[in-house]
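Examination of the molecular architecture
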Amino acid sequence: MTAPPSTLVPREQWLPLARAHEEAVDALTAGHRERRARGEKHPVEDFLFDYYRHRVGHLRRWHPGHGVVLADAPEYEGRTGYVVQDGAAQVDLDEVLERRGASVERVRALLTATLGRPAHLGCFGMHEWAMVYRLAPGEQRHEQLPLRLGQAATDEVVERSTVRCSHFDAYRFFTEPARPLNALRPTREAQVAMEQPGCLHAGMDLYKWCFTLAPLVSSSLTLDAFLLAREIRVLDMQASPYDVSAFGLAAVAVETPAGRAEYARRQRDFAVRSDALRRRLLEALPA
């Protein structure tokens, strides 16, 4: 393919941006790194690194995005996805697309399809409840977190609720007894056909799509997606069956009308913000 026109950025302009990004990531991840060194777990921040399997060091690495040429950038020599000529570095678009072109097109199709659908706000976070439905003691993934209502009452909430999860990567963690209760049957193959902007996990996944497509995508966009994912994960855990009060998180009691109203209000806001990020990510992808 023919590469688009590139923008040359002098070292005195791009280096402060790179350092500012590194400092921002260091500040945002300080608590996570300190807890990890002590062997302590956190239900919000650990998720962004353990589930998504993207290390802090990788998030810290600054990428300008394709179409930007960094003048006087010898430190990019030998870095995957970059080409350096006469000291100037830029994303090697042809090489990256040769390796990752199928991923780019899948993400483009997924984002475009999701943007074309209205947000469904009626799930009330039941996916987290379905992941613990009818579990025996010792079977929970988050065994260190007590169930806010206890196992029996948690099961009752699931049984009297409408479970309508459209996201495969949430549905695949449902317990076996919970799967028949879901109104939908999401699969990996049907993800493009089923993803919708009201889904909290679809919003968090924007972070995954950004770092997966690095170095095509700029680190500023990836960091914005990381921040949104962290906010969404807070609601995900507040509305879960777990008692997360020890982490300073108040429960959003989705088993009550007031809790469901709060969940839907915050879910609607996240859908709007997620769609804005989807548009930015689509604009950032090479044509």
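The model shown is predicted, which means the values in this text are computed figures rather than measured ones.

Attention now goes to the packing of helix α10 (residues 219-238) against helix α11 (residues 257-284). For the pair α10 and α11, interaxial distance at closest approach is 11 Å and the crossing angle is 160°. Our classification of the angle between α10 and α11 gives roughly antiparallel. As α10 packs across α11, the resulting crossing turns out to be left-handed. In this structure, α10 contributes Leu221, Asp224, Ala225, Leu228, Glu231, Ile232, Val234, Leu235 and Gln238 to the contact, and α11 contributes Tyr263, Arg266, Gln267, Phe270, Arg273, Ser274, Leu277, Arg280, Leu281 and Ala284. A per-class count over the contact of α10 with α11 returns 11 nonpolar, 3 polar and 5 charged.

Here the focus is the packing of aromatic side chains. Overall, the coordinates contain 12 aromatic pairs when judged by the stated rule. With a centroid separation of 6.0 Å and 80° between ring planes, the pair formed by Trp14 and Tyr76 is classed as edge-to-face. One end of the pair, Trp14, is in helix α1 (residues 11-38); the other, Tyr76, is in the loop between β2 (68-70) and β3 (82-85), and 62 residues separate them in sequence. In this pair, the class of Trp14 matches that of Tyr76, namely buried. When the centroid spacing of 5.4 Å and the interplanar angle of 70° are considered together, the rings of Tyr207 and Phe226 count as edge-to-face. A residue pair is termed long-range when its members are at least 10 positions apart, and Tyr207 in helix α9 (residues 200-212) and Phe226 in helix α10 qualify at 19 residues. Accessibility assignment for this pair places Tyr207 and Phe226 in one class, buried. Ring pairing ties together the aromatic residues Phe47, Phe49, Tyr51, Tyr52, Phe173, Tyr207, Phe211 and Phe226, which thus form one cluster. The ring of Tyr171 has Arg179 lying over it, and the distance from NZ or CZ to the ring centre is 5.7 Å. Cation over ring: Arg233 sits above Phe47, and NZ or CZ is 3.9 Å from the ring centre.

What counts and what doesn't
- Residues numbered from 1 in each chain as written.
- Predicted model: local features only at pLDDT ≥ 70, side-chain atom pairs only at ≥ 80, totals over all residues.
- Heavy atoms only, no water.
- Axes fitted to C-alpha atoms, helices over the stretch in contact; angles between N-to-C directions.
- Helix = DSSP H or I, 4+ residues; strand = E, 2+ residues; numbered from the N terminus.
- Parallel < 35°, antiparallel > 145°, perpendicular 65-115°, else oblique.
- Left-handed = near helix turned anticlockwise from the far one by under 90°.
- Contact = heavy atoms within 4.5 Å.
- Nonpolar A, V, L, I, M, F, W, Y, C, P; charged D, E, K, R; others polar.
- Phe/Tyr/Trp six-rings, centres within 6.5 Å; stacked < 30°, edge-to-face > 60°.
- Buried < 20%, exposed > 50% of the residue type's maximum accessible area, 1.4 Å probe, protein only.
- Lys NZ or Arg CZ within 6 Å of the ring centre and 35° of its normal.

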